[in-house]
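So the chains spell out like this:
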Amino acid sequence: VQLVESGGGLVQPGRSLRLSCKASRFTFSTYAMNWYRQAPGKGREFVASISSPGGNTKYLDSVKGRFTISRDNVKNTVDLQMNSLKPEDTAVYYCNVLWSGRPYWGQGTQVTVSS
């Protein structure tokens, strides 16, 4: 299993970013995919998930209405569109899949929301 995130960066409050995770080495379309984040000094928390093949989504309460998770089962990617970003969204964002009974993580991508 390989997961590679991209799209992070520094953005002002209220602006948008789109994260992408490229998956490989497993049958992507048959697995639910997740995004997590870890802020400085805090534990890793669930942000969003999307079912296989993609009909159902779930979100952390604090991002509902601002973030949208989506997947492309041809390109083997799962994206996280983040709108109306807040300073409290600052974190390293990780792509995740539970494969063969264990979790796999990407290397993470830093999102910093600051004026």
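Residues numbered from 1 in each chain as written. Predicted model: local features only at pLDDT ≥ 70, side-chain atom pairs only at ≥ 80, totals over all residues. Heavy atoms only, no water.

A. Expanded view of the overall build of the protein. When helices and strands are counted, the protein shows 0 helices and 11 strands. For the protein, the N- to C-terminal ordering of α and β elements is β-β-β-β-β-β-β-β-β-β-β. Relative to the compact-globule value of 13 Å for 115 residues, the protein shows a C-alpha radius of gyration of 13 Å, a close match. Over its C-alpha atoms, taken along the principal directions, the protein stretches across nearly 40 × 25 × 25 Å. Of all 115 residues assigned to the protein, the portion counted as buried reaches 41%. Across the protein, the fraction of contacts at a sequence separation of at least 24, relative to all contacts at a separation of at least 6, is 52%. (Helix = DSSP H or I, 4+ residues; strand = E, 2+ residues; numbered from the N terminus. Rg over C-alpha atoms; globule rule 2.2 N^0.38 Å. Buried < 20%, exposed > 50% of the residue type's maximum accessible area, 1.4 Å probe, protein only. Contact = heavy atoms within 4.5 Å.)

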